[in-house]
Amino acid sequence: MQRRVFVLSKNRKPLMPCSPARARQLLKERKASVYRQEPFTIILKKRTQGDLQKVQLKFDPGSKITGMALVVFFQKGTVVTWAAELEHRGEKIVDLLSKRRAIRRSRRNRKTRYRPPRFCNRTRKKEWIAPSLKSKVDNIFNWTKKLLTYTPIDNLCVETNRFDTQKLQNPEISGVMYQQGTLFGYEIREYLLYKWNHQCAYCDAKNVALEIDHIHPRSKGGSNRVSNLTISCRKCNENKGNDDIHDFLSKDNKRLQKIVSYSKKTLRDAASINTTRYVIGNQLKKLGMDVEFASGGKTKANRRHNGFNKQHWIDAACAGESGENVTISQDLVPLGIQSLGRGSRQMCRVDQFGFPRTTAKSQKRVKDFQTGDIVKAVVTKGKKKGVYIGRVAVRSNGYFNIKTNNSTVQGISYRYCQLIQQVDGYFYFQKGDARLKKPSCSCFAHSRPSGEDTPTYRSRGILAIN
């Protein structure tokens, strides 16, 4: 069993998903037509209603990847009919905001139009969260609305985890230590000077000007937690630069082990889940549906009881009470979804000094095509003769670039292009290495399966019929 195909009635009401074989038969007999490529959906030409079973949509929200699963309650049991893994773009948003902040700050030091800072005259909403986390919440909310238009979903289930970040760093913490915290009675700089004996952590220099340095650089995912900070002299700080501590002290293993022993594991992902664990559920309640909150411990117990391996979409299927006896076929292939956004508001590109290096962007659509659309180009003559299916990058002269699974074809005229699916801010691919596998040992591996995903725009043989 592969992923089920979504089915819409003649009046665009969602019906129960069907198998790919049934969808091919309906398309071949011209009783249905393709409504959407990804997720693949067909629309019936005559039928207006059908028998419905209870369907539940489950989520396993993660800091970077969220697992999704559609569970159908048949008379024979609970079966997963569709699954996907949604990759968020939180890190990309952080980078874009940092670049924008740097460009705006540089304007105040050049002879350009003065742009005053606005960090003192802005108010935040009561339920404000960081833009990178807001993007994750919006992705889950948007995909819930999408799936509601394709499947008759009855209720929702969201796994909620709560991590005690102080307990993760110090398992023996208790009582008044929770109130005092790590820096009780100290300022950050004074605490670091005391911790590192008022000397450079890299060369043991004393009686010199000392600076705060990040053990794991912020540009590579490091945080501002005290456990990731150290003291260094100006020379060592400049020599280290943007390097990781393991690269900088690769030849001095003894000193490396000393510094690493002081550092702690970053808790950025745990903080992200703590912040959004109830925001996602409260956002989904706005759709007027029943939302079930499931604990992460219950999900893990259900997964071990069923003998499944650790993956995001499998955790989503095992969430909640219905996940205790859920059935997952070994042939079920989850859909990979990567959030890309809908373009940039930046009018032109800038160089390293912040000056424009390109002209202003032209119109967003060219010849009724937009960058990111999935198109099918049938070139009938010339050196580029052939059939190409992929994402298009429009050009104002009417000659587009098409990115296929294997390469990028440049200079394809819009006359040869046929629109398959408009851009929706997401990139779809088959997660061939994420199928259901039995755990290799009783400890149940928690690492993500190795191997590269193979991007594709085909729905496993269905596109060839159209």
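Provided above is the structure to which this section pertains.
All values derive from a computational prediction rather than experimental measurement.

The subject of this paragraph is the pairing of strand β6 (residues 65-74). Burial of β6 is extensive: eight of the 10 residues sit out of reach of the surface. With seven bridges connecting them, strand β5 (residues 54-60) and β6 associate as antiparallel partners. The residue of β6 that forms the bridge with L57 is L70. Remark: four residues form the turn of the hairpin made by β5 and β6, two consecutive strands paired antiparallel. Across 10 bridges, the pairing between β6 and strand β7 (residues 77-87) is antiparallel. Its bridge partner being in β7, F74 is matched across the sheet by G77.

Another aspect to go through is the environment of S9. Counting through the fold element by element, S9 comes out in the loop between β1 (5-8) and β2 (14-18). Relative accessible area serves as the criterion here: at 0%, S9 is assigned to the buried category. S9 sits 23 residues away from A32 along the chain, and the two C-alpha atoms are 9.4 Å apart. Leave out the neighbours within four places in its chain, and S9 touches L15, I43, L44, R47 and T48.

For the rest of this paragraph, the subject is the sheet that holds β1. Hydrogen bonds between backbone groups are what pair the strands of a sheet, and the pairing can be parallel or antiparallel. With mixed pairing, the four strands of this open sheet are ordered in space as β2-β1-β4-β3. Because the sheet does not close on itself, it has two edges, and the strands there are β2 and β3 (32-36). Going from strand to strand, the sheet's axes swing by 35° on average, the running direction of each strand aside. As paired elements, β1 and strand β4 (residues 41-44) share three bridges and run parallel to each other.

This part covers helix α10 (residues 268-276). Side chains that are three or four residues apart share a direction in an α-helix, a result of its 3.6 residues per turn. Every buried residue of α10 is accounted for by A270, S272, I273 and T276. Axial view of α10: buried residues confined to an arc of 160°, hence all on one face.

How each quantity is defined
- Residues numbered from 1 in each chain as written.
- Predicted model: local features only at pLDDT ≥ 70, side-chain atom pairs only at ≥ 80, totals over all residues.
- Heavy atoms only, no water.
- Buried < 20%, exposed > 50% of the residue type's maximum accessible area, 1.4 Å probe, protein only.
- Helix = DSSP H or I, 4+ residues; strand = E, 2+ residues; numbered from the N terminus.
- Pairing = 2+ DSSP bridges.
- Contact = heavy atoms within 4.5 Å.
- Axes fitted to C-alpha atoms, helices over the stretch in contact; angles between N-to-C directions.
- Arc of directions from axis to C-beta.

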